[in-house]
Amino acid sequence: MEILGIDVGGTGIKSAIVETATGELLDEKHRIATPRPATPRAVAEALKSLLEHHRWKGPAGVGFPAAIQHGVARTAANVDKAFIGLPVSEYFSRETGRRFFAVNDADAAGLAEMRFGAGKENAGVVLIVTIGTGLGTALFSGGHLLPNTELGHVLLENGQEAERYASEAVRVNRNLKWKEWGERLNLYLRAMENLLWPDLIVLGGGVSDKLHKFSPALTTQAPVVAARFLNRAGIVGAALFAEEALRGI
Ligand code: BGC
């Protein structure tokens, strides 16, 4: 099935038409800046411009940087607080005139990696961490997703919130060297390992293609691999989520 996959991030919104049977992108990935402030209305306008860009009239899946419980946003760490309590899927559908299905962005990335990517056929515990403006997590066991884990907000042993200590935004804003930032990420991944004992850790987001630069700093027992779809995982997974919703899976 062809579905428009959209990944709303704290700084950019990316989209492409996805063939859900293979995870392949059927057109060029498009990116626009996330509006500031990222109010519901401003994000809906941005989504409309993406629909126009792709000349898309079909359904769309949208990975959104918030806990999304049955289509309703429950948190809003890197978007406007007006999203909290908003039925995001319904709202975007109404504003754009297309069917929208919203899912947490990291869960979306995880769905793509488990179906076609780094976690394919892994029946164990897989932790996907997406690294961008925030730190997003998706947790799978036996191929099943435990939705809306917000484990980027845990407090580390140094008392800092993980996302404010080891995100990509922190690396860029503080101009950290890969080794220095890798050590920060390692503190986080070790904390996750001590709590969850994953068999595999998959890293997504903008830094996933730079893993070789910071992997020497990582000391978890579980192997750490890059998302196969790199920073496209969120787009592909959002489309997969919409497909499952449409099929009523
Ligand atoms: C949000 C998560 C999101 C992550 C990555 C966090 O700030 O709370 O819902 O998955 O950022 O975008």
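To keep things clear, this report deals only with the structure shown in the data block. (Residues numbered from 1 in each chain as written. Predicted model: local features only at pLDDT ≥ 70, side-chain atom pairs only at ≥ 80, totals over all residues. Heavy atoms only, no water.)

1. Details of the overall build of the protein
Right, so step 1: Helices and strands together make up the secondary structure of the protein, namely eight helices and 13 strands.
Right, so step 2: Taken over 249 residues, the protein has a buried fraction of 55%.
Right, so step 3: Residue pairs in contact within the protein that sit at least 24 positions apart in sequence constitute 62% of those at least 6 positions apart.
Right, so step 4: Here the protein has roughly 11000 Å² of accessible surface; of this, 50% comes from carbon and sulfur atoms.
Right, so step 5: Computed over 27 positive and 27 negative side-chain charges, the separation of the two mean positions in the protein equals 4 Å. (Helix = DSSP H or I, 4+ residues; strand = E, 2+ residues; numbered from the N terminus. Buried < 20%, exposed > 50% of the residue type's maximum accessible area, 1.4 Å probe, protein only. Contact = heavy atoms within 4.5 Å. Areas by Shrake-Rupley, 256 points an atom, 1.4 Å probe, with all protein chains shown as cover. Lys, Arg positive; Asp, Glu negative; His and termini not counted. Charge placed at Lys NZ, Arg CZ, Asp CG, Glu CD.)

2. What about the packing of helix 3 (residues 105-116) against helix 8 (residues 233-247)?
Right, so step 1: Taken N-terminus to C-terminus, the directions of helix 3 and helix 8 make an angle of 85°; their axes are 6 Å apart at the nearest point. As far as their axial angle goes, helix 8 and helix 3 are roughly perpendicular. Contact residues: helix 3 offers Ala108, Ala109, Leu111, Ala112, Glu113, Arg115 and Phe116, while helix 8 offers Ala233, Gly234, Val236, Gly237, Ala238, Leu240, Phe241, Glu243 and Glu244.
Right, so step 2: The class makeup of the residues in the contact of helix 3 with helix 8 is 10 nonpolar, two polar and four charged. (Axes fitted to C-alpha atoms, helices over the stretch in contact; angles between N-to-C directions. Parallel < 35°, antiparallel > 145°, perpendicular 65-115°, else oblique. Nonpolar A, V, L, I, M, F, W, Y, C, P; charged D, E, K, R; others polar.)

3. Side note on the site of the ligand
Right, so step 1: Taken together, 14 residues lie near the ligand, and Asn104, Asp105, Glu150, His153 and Glu163 sit nearest.
Right, so step 2: One of the side-chain nitrogen or oxygen atoms of Asn78 is found 3.2 Å away from an oxygen atom of the ligand.
Right, so step 3: Mapped by element, the contributors of at least two residues to the shell around the ligand are helix 3 and strand 10 (135-141).
Right, so step 4: Broken down by class, the residue content of the shell around the ligand amounts to six nonpolar, five polar and three charged. (Near = heavy atom within 4 Å. Polar contact = N/O pair within 3.5 Å; in protein donor to acceptor, adjacent residues only side chain to side chain.)

4. Describing the pattern of salt bridges
Right, so step 1: A complete count under the given rule lists nine salt bridges for this structure.
Right, so step 2: Between Arg171 and Glu168 there is a salt bridge whose closest N-O contact spans 2.9 Å. One end of the pair, Arg171, and the other, Glu168, are both in helix 5 (residues 168-173), three residues apart, so they sit about a helical turn from each other.
Right, so step 3: By relative accessible area, Arg171 is classed as buried at 15%.
Right, so step 4: Here Lys210 makes a salt bridge to Asp209, at a shortest N to O gap of 3.5 Å.
Right, so step 5: Judged by its relative accessible area of 28%, Lys210 falls in the partly exposed class. (Salt bridge = Lys/Arg side-chain N within 4 Å of Asp/Glu carboxyl O.)

5. Side note on the environment of Leu86
Right, so step 1: Along the chain, the position of Leu86 falls in the loop between strand 7 (72-73) and helix 2 (88-96).
Right, so step 2: According to the relative accessible area criterion, Leu86 is buried, its value standing at 18%.
Right, so step 3: For the pair formed by Leu86 and Ala233, sequence separation is 147 residues and the distance between their alpha carbons is 25 Å.
Right, so step 4: Residues within four places of Leu86 in sequence aside, it is in contact with Pro40, Gly71, Val72, Ala73 and Tyr91.

6. Quick notes on the pairing of strand 12 (residues 200-205)
Right, so step 1: With six of six residues buried, strand 12 is to be regarded as a mostly interior element.
Right, so step 2: Here strand 12 shows a buried face lined by Leu200, Val202 and Gly204 and a second buried face lined by Ile201, Leu203 and Gly205.
Right, so step 3: Pairing between strand 9 (residues 125-131) and strand 12: six bridges, direction parallel. Within strand 12, the residue paired with Ile128 across the bridge is Val202. (Pairing = 2+ DSSP bridges.)

7. Quick notes on the sheet that holds strand 13 (residues 224-226)
Note: strands within a sheet are paired through backbone hydrogen bonds, in either parallel or antiparallel orientation.
Right, so step 1: With respect to topology, five strands assemble into an open sheet ordered 11-10-9-12-13, the strand pairing being mixed. Taken across any chain shown, the strands that pair with only one partner, and hence form the sheet edges, are strand 11 (144-146) and strand 13. Direction aside, the axes of adjacent strands within the sheet are offset by 30° on average.
Right, so step 2: Sheet strands touched by helix 3: strand 9, strand 10, strand 11 and strand 12. Its angle to strand 10, the strand with the most contacts, is close to 45°.
Right, so step 3: Those strands touched by helix 6 (residues 178-196) are strand 9, strand 10, strand 12 and strand 13, and its axis lies near 150° from that of strand 9.

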